[in-house]
Amino acid sequence: MALNIIVCVKSTPSTVNVGVDADGKPKIAGVPVALNPFDEFAVEAAVRLKESVPGSTATALTVGPDAAAEVLREAIARGADGGVLVTGPEFEGGDSYATSLALSAALKKMHAEKPVSIVLFGKNTSDAGAGVVGTQTAAWLEWASVSAVKKLESVDGTSATVLRQMEDGVDTVKLKLPACISTIKEINEPRLPSLKGKMASKKAVFPKWTAADLGLQPAQAGAAGAGAVVVKAALPPARPAGLKVEGATAAEKAARLVDILVERKLI
Amino acid sequence: MANGILVVVIPSRGTLSPASYELLGAGKVLADALKQPLLAAVIGGNAASLAGDIAARGASKVLAVEHPSLKDFTEEAYAKAAAAAVAKADASRVILPSTIAGRSLAARLAVLLKAGLATDVTEILPDGKVRRGYYGGNLIAEVEFKSPLAVMTVAAMTFPRAEAGGAAAPIEAVSFDPGAPVSEFVSFQGEESREIDLGAAEKVVAGGAGLGSAEGFKPLFELAHALGAAVGASRRAVDSGWIPYKHQVGLTGRTVRPKLYVAVGISGQIQHLAGMASSGTIVAVNSDKDCPLMQMASIAVQGEYSELVPLITAEIKARKGHAVPA
């Protein structure tokens, strides 16, 4: 049975080396953006799943400014069939609560047009790094969710069996579809964008949906709809200067190091 | 008006780990800050029998949400169970662990409660705001909740473990209806090895590109064993196939906050620092005295790791009274 696969992606700053200005605002203006690194694995998983079930499609979905269309293009270059851009000034400044609500509204709209089988997410974004949007999106929709997925064991029209990597081992979980699945790096090795994919991505046109298109009130979107907001940011406190272990020989250095660790009650 | 800090303890495979007591430590900080009572909840298939372990650690009441559907972790059932406990406690704030289960439960619960969510909180401020890392920990942000209720997960190894003492709080059962399940826990395959989990380790010995090969990790495993430490690795060591991904520390691996982090042959790129820069004491062993990790380390030891690490291991064993093999 053909699958309608959606993969949620985000455009994030391409470096984590971000400073703050005098007002405690992260200095991200002008920093180049790219497809969130962990989303590469989700896109690859979506494309492989599509390829494994004839007639299936993989569509990328993102909430972001106009320029976020670039990550939809990146997804197409990596094998996705199309993309949808949820965009508008009303979505700026959203946290995971507001963003997941927006994604859920978009998925609801897509599901009404053509039933969605499965929604894939990357592990977390390189900016907020919370790793919760996939699960929160499912919660809004009252769909099943699972995180830390390292393998899609089997997916058919009605259920998916996955392997979830826990701290102490691997769980096997079976979910009713539609479901939201957050993946981890171990799930695959993403392919490089293909020439064919890049050409397709250049020509791709994306529907653009606003909050109004999704039936969302302005108060539910972006900063207005956020449940938690960053008041100010700062660099982490500087670590005190360290000391260099001296010694004429390696044995002396080793002994001196252990002396210090014992002194500091670390061993 | 909701009033109460609810700490939600999640057993792992039917038992509580001592790391759970850190949640009560965090709960006390928040309860003192907001001047609200501290309560705890245990969720699981055998929650009632575990509640006693939590009852004398500072909470004024312990709620036990026990149900067969909670025997193993699924996001939807646990979130519903937690919501039932929140309603019973009339809590305004919910604290969960930053484990895979804790974070996903918190995510789902926040939507059920229409609450703001902050994950991996490293500090709770006197006015109830919280601090957490952004951009791989390169920035520390102060977060304010806009919603009446709020959910947070607290970083491991950050808040003190509440000790047992004093009168045991009353334990109350909370009933909950899981509804029709949308996911089913099928099975669990435990790790073969007896290795200490990175996330809860007080000491970590990590290796990087400077080791040169998979064999390079042998002396590190021996040092880790002597120290009672977990073993970590940089991305380059993992990408080179020298050690499995589960040992990776950094932006695309685990974030750790041990008391002692020994970095061997790791230059200290930003992506690695993102995973360990909050460690208590950082020891760097490297032949390059100018690399970032040697510059920022609490204690820097310059030299060849292949020579130094076995000597350090031998010293530790000697101090601990172990005979050094001839």
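Residues numbered from 1 in each chain as written. Chains lettered and ligands numbered in written order. Predicted model: local features only at pLDDT ≥ 70, side-chain atom pairs only at ≥ 80, totals over all residues. Heavy atoms only, no water.

1. Side note on the overall build of chain B
Okay, so step 1: Check the secondary structure of chain B and you find nine helices and 16 strands.
Okay, so step 2: A compact globule built from 326 residues should have a C-alpha radius of gyration of about 20 Å, and chain B, at 22 Å, falls within 12% of that.
Okay, so step 3: In chain B, buried positions account for 56% of the 326 residues.
Okay, so step 4: Look at the contacts in chain B between residues 6 or more apart in sequence, and 63% of them connect residues 24 or more apart.
Okay, so step 5: A total of about 12,900 Å² of accessible surface is found on chain B, and carbon and sulfur atoms cover 54% of it.
Okay, so step 6: With 30 positive and 30 negative side-chain charges, chain B shows a spacing of 3 Å between the two charge centroids. (Helix = DSSP H or I, 4+ residues; strand = E, 2+ residues; numbered from the N terminus. Rg over C-alpha atoms; globule rule 2.2 N^0.38 Å. Buried < 20%, exposed > 50% of the residue type's maximum accessible area, 1.4 Å probe, protein only. Contact = heavy atoms within 4.5 Å. Areas by Shrake-Rupley, 256 points an atom, 1.4 Å probe, with all protein chains shown as cover. Lys, Arg positive; Asp, Glu negative; His and termini not counted. Charge placed at Lys NZ, Arg CZ, Asp CG, Glu CD.)

2. A short note on helix α4 (residues 133-141) of chain A
Residues and elements named next belong to chain A.
Okay, so step 1: Across the nine residues that make up α4, a large majority, eight, are buried.
Okay, so step 2: For α4, every residue scored as buried is listed here: Gly134, Thr135, Gln136, Thr137, Ala138, Ala139, Trp140 and Leu141.
Okay, so step 3: One or two residues past the end of α4 sits Glu142, with phi positive at roughly 60 degrees.

3. Focus: the confidence of the model for chain B
Okay, so step 1: Confidence in the prediction of chain B, expressed as mean pLDDT, is 94, and 98% of residues score 70 or more.
Okay, so step 2: Interface confidence for the predicted complex, expressed as ipTM, amounts to 0.95; the pTM equals 0.93. (pLDDT = per-residue confidence, 0-100.)

4. Structural notes on the interface of chain B and chain A
Okay, so step 1: Contacts between the two partners involve 82 residues from chain B, matched on the other side by 75 residues from chain A.
Okay, so step 2: When chain B packs against chain A, close to 6,500 Å² is buried across both sides, 59% of that on carbon and sulfur atoms.
Okay, so step 3: Our count for the chain B to chain A interface comes out at four salt bridges.
Okay, so step 4: Among the salt bridges present, the one from Arg13(B) reaches Asp171(A), with a minimum N-O distance of 2.9 Å.
Okay, so step 5: Connecting chain B to chain A are 35 residue pairs in polar contact (both at pLDDT 80 or more). (Buried area = accessible area lost by both parts, 1.4 Å probe. Salt bridge = Lys/Arg side-chain N within 4 Å of Asp/Glu carboxyl O. Polar contact = N/O pair within 3.5 Å; in protein donor to acceptor, adjacent residues only side chain to side chain.)

5. Examining the pattern of salt bridges
Any two side chains of opposite charge can pair if their charged atoms end up close together.
Residue and element names in this part refer to chain B.
Okay, so step 1: Following the criterion strictly, the structure yields 31 salt bridges over all chains and no others.
Okay, so step 2: Its salt-bridge partner being Asp72, residue Lys71 comes within 3.4 Å of it at the nearest N-O pair.
Okay, so step 3: Classification of Lys71 by relative accessible area gives exposed; the value is 59%.
Okay, so step 4: On the basis of relative accessibility, which here comes to 22%, the residue Asp72 falls in the partly exposed class.
Okay, so step 5: Across the salt bridge formed by Glu142 and Arg131, the nearest N and O atoms sit 3.3 Å from each other. Residue Glu142 is found in strand β8 (residues 139-145), and its partner Arg131 is found in strand β7 (residues 130-134); the two are separated by 11 residues along the sequence.
Okay, so step 6: Judged by relative accessible area, which is 10%, Glu142 ranks as buried.

6. Some points on the packing of aromatic side chains
Here a ring pair, both rings aromatic, is described through the centre-centre distance and the interplanar angle of the planes.
Residue and element names in this part refer to chain B.
Okay, so step 1: Going through the model one piece at a time under the given rule, you end up with three aromatic pairs over all chains.
Okay, so step 2: A cation sits over an aromatic face here: Arg13 above Phe188, 3.5 Å from the ring centre.
Okay, so step 3: Above the ring of Tyr134, the side-chain terminus of Arg132 is found at 4.7 Å from the ring centroid. (Phe/Tyr/Trp six-rings, centres within 6.5 Å; stacked < 30°, edge-to-face > 60°. Lys NZ or Arg CZ within 6 Å of the ring centre and 35° of its normal.)

7. Quick look at empty space enclosed by the protein
Okay, so step 1: Within this structure, the stated rule accounts for one cavity of 30 Å³ or more.
Okay, so step 2: Computed from the structure, the largest cavity encloses a volume of approximately 30 Å³.
Okay, so step 3: Every residue along the wall of the largest cavity is listed here: Leu257(A), Leu261(A), Leu223(B), Leu227(B), Val262(B), Ile312(B) and Ile316(B).
Okay, so step 4: The set of elements that each furnish at least two residues to the lining of the largest cavity consists of α6 (250-263) of chain A together with α5 (218-227) and α9 (305-319) of chain B.
Okay, so step 5: Grouping the amino acids of the lining of the largest cavity by side-chain chemistry returns seven nonpolar, no polar and no charged. (1 Å grid on protein atoms, 1.4 Å probe; cavity = no way out; pocket = protein on both sides within 12 Å on 5 of 7 lines; lining within 4 Å. Points joined across faces, edges and corners; volume = space filled by probe spheres on them. Nonpolar A, V, L, I, M, F, W, Y, C, P; charged D, E, K, R; others polar.)

8. Regarding the packing of helix α3 (residues 75-89) of chain B against helix α4 (residues 100-113) of chain B
Each pair of packed helices gets described by two things: the angle between the helix axes and the distance between those axes.
All names here are of chain B.
Okay, so step 1: Closest axis-to-axis distance for the α3/α4 pair is 8 Å, and the angle between their directions is 55 degrees. As summarised for this structure, α3 and α4 are arranged oblique, according to the angle between their axes. α3 and α4 meet at a crossing whose hand is right-handed. Where α3 abuts α4, its residues Glu75, Glu76, Tyr78, Ala79, Lys80, Ala82, Ala83 and Val86 lie against Ser104, Leu105, Arg108, Leu109, Leu112 and Leu113.
Okay, so step 2: When grouped by side-chain class, the residues that make up the contact of α3 with α4 number nine nonpolar, one polar and four charged. (Axes fitted to C-alpha atoms, helices over the stretch in contact; angles between N-to-C directions. Parallel < 35°, antiparallel > 145°, perpendicular 65-115°, else oblique. Left-handed = near helix turned anticlockwise from the far one by under 90°.)

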